[in-house]
Every structure is written in structure tokens, then in C-alpha cells.
Amino acid sequence: RDLLHLLAISISEIGRLYCSCFFRPLLLQAALPPSLDRHHINRATTTTISSMPTVLSERLFELWDRPTAVVWCEAWTHAHAHSEVLAEYWNSLSSLIFVVVGALGIRNAIKQKLPLVFFYTEAMLIVVGLGSTTFHAQRNFLGELLDELPMSALAFGYLLCCNELHWLMQPPFRLLTVGLNAGFITLGWGCYLLLHSYVAFTTTFTLQVFFMALLSLSALPELGGPWATSRRWWWHFLLAILSGKTGWEYERWLYRTGNCPTDPSDPLFWLHSIWHLMSALAHFSWIRYVASLHLYQRGDPSCGLEKAKKDK
């Protein structure tokens with residue numbers, strides 16, 4: 001227990017360094033005009049920059065200082081309970097699982113020589129992890145955007161990972177499928193940003209995942225139907241995402257009804273952290289499933305689907 005606590009404190013200090021000493025200076029540097037030296041930002045320079053009437057700097061700091069309207073149970077019951085930097089201590093730490101899984105995914109994509117879109121998708125998962133950490137640690141609107149926007153970009157990457165695996169992702173329908181998805185995402189994000197509706201984002205992302213899930217389940221029909229052995233990793237994905245989503249929805253219900261658990265020994269206290277873990281597991285399972293389809297398509301025996309095809 002003491003070792004776990006020490007590890008948590010260490011990660012917290014990394015978060016302090018990331019949020020306080022790295023991210024905000026990046027915002028300042030983004031606002032610097034070319035005439036100023038970007039490598040020497042002292043306190044006086046910071047004060048000068050923060051008062052510069054540039055649209056970019058004003059907008060960045062406005063988003064950074066603007067609090068998020070999304071409140072999780074940990075923020076309601078234990079805000080800054082363990083750290084001055086991390087508002088939601090455990091939600092912030094559990095977000096780092098996305099960084100770990102994304103890094104392992106890139107390593108696996110290199111090893112298996114998967115299409116470039118897999119590298120993009122794993123990189124977006126890492127961005128989601130960093131954005132989620134910022135969101136839960138700082139509880140500002142910029143952190144919310146850094147969490148939600150990459151999630152839609154990640155789900156769009158899922159769609160592209162199905163390229164050539166389904167007739168909707170083959171000519172002549174591929175361009176239409178991708179175009180309609182891009183248009184739907186743009187519409188959803190327009191509603192989210194203009195109407196400040198978090199529901200617009202969650203609905204958009206959920207439908208993105210729903211579409212790619214059905215698309216991938218029916219990919220390469222020669223491998224068998226939905227219950228074929230070759231689809232087992234898809235079912236692992238479904239079990240993980242449904243379990244995590246159920247916990248996510250229940251946590252939102254607890255907050256809306258004012259019943260957020262206050263005792264960390266209560267399993268319900270960990271619902272959002274469990275969502276992070278289960279969604280990371282769902283990502284891992286789905287990527288493994290689709291990667292095996294690509295390996296099978298190019299005749300790589302390491303995919304293990306030839307035997308599964310015989311056993312369907």
C-alpha cells in the first residue's frame with residue numbers, strides 16, 4: 001500500500017510538472033510574435049505576453065481559464081484532495097493508461113508492419129490520454145477540448161483502419177462513406193462548440209464507435225459470421241466497451257441525483273477510473289482484431305485466422 005501511495009505521489013508530481021511548467025509556457029510561446037526570443041521566457045516576459053492584445057493569446061488564455069461545465073463525482077467529493085495541481089487525482093492518473101496502451105500499439109504496429117493509419121490511431125490515443133489528464137487535472141475548457149476533439153479524431157481513425165476490409169470501405173463506396181462520416185463529425189462538433197452542448201459530443205462519438213463496430217464485425221465475410229472464432233477479439237472489445245460505458249452512465253446518474261460516493265473504499269467511487277481502464281482495453285481488443293484482418297488479407301500466417309477460418 002505504501003509503495004502504491006509513493007507511486008501515486010510520483011505520478012502526481014509528474015503531472016504538476018506537465019501542467020504547471022510545460023503546458024502553460026507552451027501557450028505563452030504560441031502567443032509570441034516572431035520578434036521575441038521564444039527560448040527566454042522570464043516572469044517579466046510572461047507578464048508582458050499575457051497582456052498582449054493578440055487574438056491568439058487572448059483566446060488561448062480564455063479557454064485555459066474558463067472552467068468546464070462537466071463535473072465528475074470525484075471533482076464533487078474530492079477536488080484537490082491529494083494534490084494542488086490535480087483536481088481529480090485518480091481520474092487524472094487513470095487517464096495515463098491511454099498513453100501506455102497507445103505507445104504499446106505503436107510498437108506493435110511497427111513490428112507487424114501495419115498500415116500507416118494504425119500509427120495515426122495509436123498516436124491519437126496517446127493524445128487522448130494527455131488531453132484527458134489535463135481535463136481532469138485542471139478542469140478547464142481547454143482541457144475538455146483536448147480530451148474530446150482527439151476522441152472524435154480517434155474514432156475517425158478506427159473507420160480508416162477498416163480500409164479495404166468491407167465493401168463500404170472499397171471503391172466506389174469508400175469516398176462516400178468517409179465523406180459522410182467526416183460531415184457527420186463536423187456537424188456534431190459544430191453543435192458542441194456553438195451550443196456548448198456536451199451531449200452533442202457524446203452522441204457524435206457514440207455513433208462513430210457504433211458505426212465502426214458494426215462495419216468491422218461484418219468485414220471479410222469469408223472468415224465467417226458474427227459468431228465465428230475469427231471474431232473473438234471483436235467480442236472482447238464489445239464486452240469491454242459495454243462494461244465501461246455502463247459504469248460511465250451510472251456515474252453520471254449518481255452525480256445528477258446527488259448520490260456521488262464519498263468513500264474511496266466504495267467500488268462506485270472508482271467508476272470513472274474504471275471507464276478509462278475498460279475503454280483502453282476495448283481499444284486494444286478492437287485494434288488487435290482489425291490488425292489480424294489486415295494480416296490475413298496480405299497472407300501473413302501470424303494472424304492466426306487460417307485455422308479459425310477452417311473452424312468457423
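Our structure is the block above this text.
The structure displayed is predicted, hence computed values, not measured ones.

Visitor: I'm lost on the packing of aromatic side chains in this one. Help?
Guide: Both the distance between ring centres and the angle between the ring planes are used here to describe each pair of aromatic rings. According to the stated counting rule, one finds 17 aromatic pairs in the structure shown. A centroid spacing of 5.8 Å and a plane angle of 45 degrees characterise the contact between tyrosine 198 and phenylalanine 201, whose relative ring orientation is tilted. Of the two residues, tyrosine 198 and phenylalanine 201 both sit in helix 10 (residues 198-217), three residues apart, roughly one turn of that helix. Phenylalanine 201 shares its class with tyrosine 198; the two are buried.

Visitor: When you look at the pattern of salt bridges in this model, what are you seeing that I'm missing?
Guide: Side chains that differ in charge, positive against negative, can pair when their charged atoms come close. Per the counting criterion, the structure on display carries four salt bridges. In this structure, lysine 245 and glutamate 249 form a salt bridge, with 3.1 Å as the shortest nitrogen-oxygen distance. In this pair, lysine 245 and glutamate 249 are both assigned in helix 11 (residues 232-256), four residues apart and thus about one turn of the helix distant. Lysine 245 gets classed as partly exposed once you look at its relative accessible area, which sits at 24%.

Visitor: Before we go on, may I ask you to explain the side chain of glutamate 74 in this structure?
Guide: Within the secondary structure, glutamate 74 sits in helix 4 (residues 73-78). Within the buried set, glutamate 74 has no salt-bridge partner at all; the shortest N-O distance to an opposite charge, 9.3 Å, is to arginine 139.

Visitor: Can you help me understand helix 12 (residues 271-297) in this one?
Guide: Given 3.6 residues per turn, any residue in an α-helix points the same way as the ones three and four places further on. Its 27 residues place the ends of helix 12 39 Å apart at the C-alpha level, agreeing with the 39 Å of an ideal helix rising 1.5 Å per residue. Counting buried residues along helix 12, 20 of its 27 residues qualify, which places the element largely inside the surrounding structure. Glycine 299 sits one or two positions beyond helix 12 and adopts a positive phi of about 80 degrees.

Visitor: Please explain helix 9 (residues 174-195) as it appears in this structure.
Guide: Here helix 9 spans 31 Å end to end across 22 residues, near enough to the 32 Å set by a 1.5 Å rise per residue. Regarding helix 9, the residues found buried are Thr177, Val178, Asn181, Ile185, Gly188, Trp189 and Tyr192. Each buried residue of helix 9 lies within a common arc of 95 degrees when the element is viewed along its axis, so the set occupies one face. Helix 9 presents Leu175, Leu176, Leu180, Thr186, Leu187, Leu194 and Leu195 as exposed residues on the side facing more than 90 degrees away from its buried surface. Buried residues belonging to helix 9 abut helix 8 (141-161) and helix 10. Note on helix 9: the residue one or two positions beyond its end, histidine 196, has a positive phi of about 55 degrees.

Visitor: What should I look at first to understand the nonpolar core in this one?
Guide: Judged by nonpolar contacts, the single largest core of 59 residues is most densely connected at Phe118, Tyr192, Phe237, Trp286 and Leu293. Breaking this core down by element, the ones donating at least two residues are helix 6 (96-112), helix 7 (116-138), helix 8, helix 9, helix 10, helix 11 and helix 12. When residues of this core are assigned to their parent elements, the largest contribution, 11 residues, is made by helix 12. Ranked by size, the runner-up nonpolar core spans five residues in total, among them Val85, Leu86, Tyr89 and Ala137.

Visitor: For this particular structure, what's the right way to read the state of the cysteines?
Guide: The bond known as a disulfide is covalent and runs between the sulfur atoms of two cysteines. Here the structure, examined in full by the defined rule, presents one disulfide. Each sulfur of the disulfide joining cysteine 73 and cysteine 260 lies 2.1 Å from the other. A torsion of -70 degrees about the S-S bond marks the disulfide between cysteine 73 and cysteine 260 as left-handed. Placement of cysteine 73 in helix 4 and of cysteine 260 in the loop between helix 11 and helix 12 is noted, with a sequence separation of 187 residues between them. What makes cysteine 260 buried here is its relative accessible area of 10%. Free cysteine cysteine 162: the closest other cysteine sulfur is in cysteine 161, separated by 6.9 Å.

Definitions and limits used
- Residues numbered from 1 in each chain as written.
- Predicted model: local features only at pLDDT ≥ 70, side-chain atom pairs only at ≥ 80, totals over all residues.
- Heavy atoms only, no water.
- Phe/Tyr/Trp six-rings, centres within 6.5 Å; stacked < 30°, edge-to-face > 60°.
- Helix = DSSP H or I, 4+ residues; strand = E, 2+ residues; numbered from the N terminus.
- Buried < 20%, exposed > 50% of the residue type's maximum accessible area, 1.4 Å probe, protein only.
- Salt bridge = Lys/Arg side-chain N within 4 Å of Asp/Glu carboxyl O.
- Lys, Arg positive; Asp, Glu negative; His and termini not counted.
- Expected span 1.5 Å × (residues − 1).
- Arc of directions from axis to C-beta.
- Contact = heavy atoms within 4.5 Å.
- Core = buried A, V, L, I, M, F, W, Y, C linked by side-chain atoms within 4.5 Å.
- Disulfide = S-S within 2.5 Å.

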